[in-house]
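# Report on the structure
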Amino acid sequence: RYVATTDEDTLINITNHSYFNLAGYGTIMDHTLWLDADKITLTDDELIPTGKELNVENTEFDFRVEKCIGKDIDNDNINLVYGQGYDHNYILNTDGEIKHFGTLKDPKSGRVMKVYTNQPCVQIYTGNCGTNVKYKLDTSTGVLEISGTGKMTNYSSYSSVPWYSSSSYVKT
């Protein structure tokens, strides 16, 4: 649960940035993922959102049917090339109520992580760009980062990140 209180009009998009490997070691490429999301937001080559959306049907980004994260990650789709793998904002099929939107599974250990939110989006990141030696990030970790539509305030079609006026915002 996240809470913020403002004394002036403030744009708030609170999230967490926890990394997961349900096996505890090795790669996450054999983890399976299911997401209740029909679209992603597209980015440019610097991973800045363009304001355009892509329907995931019949693309490498379609996790509406559970599949291994590594199944399509090396395909030559330009959107995968930009992120060197998955680093994409999925627009969840949500009505604003708290619901189960995703499941991550490790088939070897049998560990399962079910994720619930009332937020409109989740950023899926597969550790593809990590170069920090102290916190080595590579395909051994991944992120399911629940949020608003992040970095989309410049596009009028994205209004899910609200302004809050001297009030509290609670994310469950």
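Read on for an overview of the structure. These figures come from a predicted structure and were not determined experimentally.

### Quick look at the sheet that holds strand β10 (residues 112–117)
Backbone hydrogen bonds are what pair the strands of a sheet, in a parallel or an antiparallel way. Spatially, 4 strands are ordered β7-β4-β9-β10 in an open sheet, and the strand pairing comes out antiparallel. Each of the sheet's edge strands pairs with one partner strand only, and the pair in question is β7 (67–68) and β10. When strand β4 (residues 32–35) meets β7, the two strands line up antiparallel, connected through 2 bridges. What sits directly across from leucine 33, in β7, is lysine 67.

### Brief notes about the nonpolar core
Membership of the largest hydrophobic core comes to 24 residues, with the highest contact counts inside it found for Leu33, Leu35, Tyr86, Tyr90, Val122, Ile124 and Leu144. Of all elements in the fold, only β4, β5 (37–43), β8 (87–92), β9 (99–105), β10 and β11 (121–125) reach the threshold of two or more residues within this core. Counting residues per element, this core draws most heavily on β5, at 3 residues.

### A look at unusual backbone geometry
One non-glycine residue, leucine 47, lies in positive phi territory at about 65 degrees. Within the secondary structure layout, leucine 47 lies in the loop between β5 and β6 (49–55). The backbone of asparagine 58 sits at a positive phi, close to 60 degrees, despite the residue not being glycine. Within the secondary structure layout, asparagine 58 lies in the loop between β6 and β7. Overall, the relative accessible area of 74% leaves asparagine 58 in the exposed class.

Definitions and limits used
- Residues numbered from 1 in each chain as written.
- Predicted model: local features only at pLDDT ≥ 70, side-chain atom pairs only at ≥ 80, totals over all residues.
- Heavy atoms only, no water.
- Pairing = 2+ DSSP bridges.
- Helix = DSSP H or I, 4+ residues; strand = E, 2+ residues; numbered from the N terminus.
- Core = buried A, V, L, I, M, F, W, Y, C linked by side-chain atoms within 4.5 Å.
- Buried < 20%, exposed > 50% of the residue type's maximum accessible area, 1.4 Å probe, protein only.

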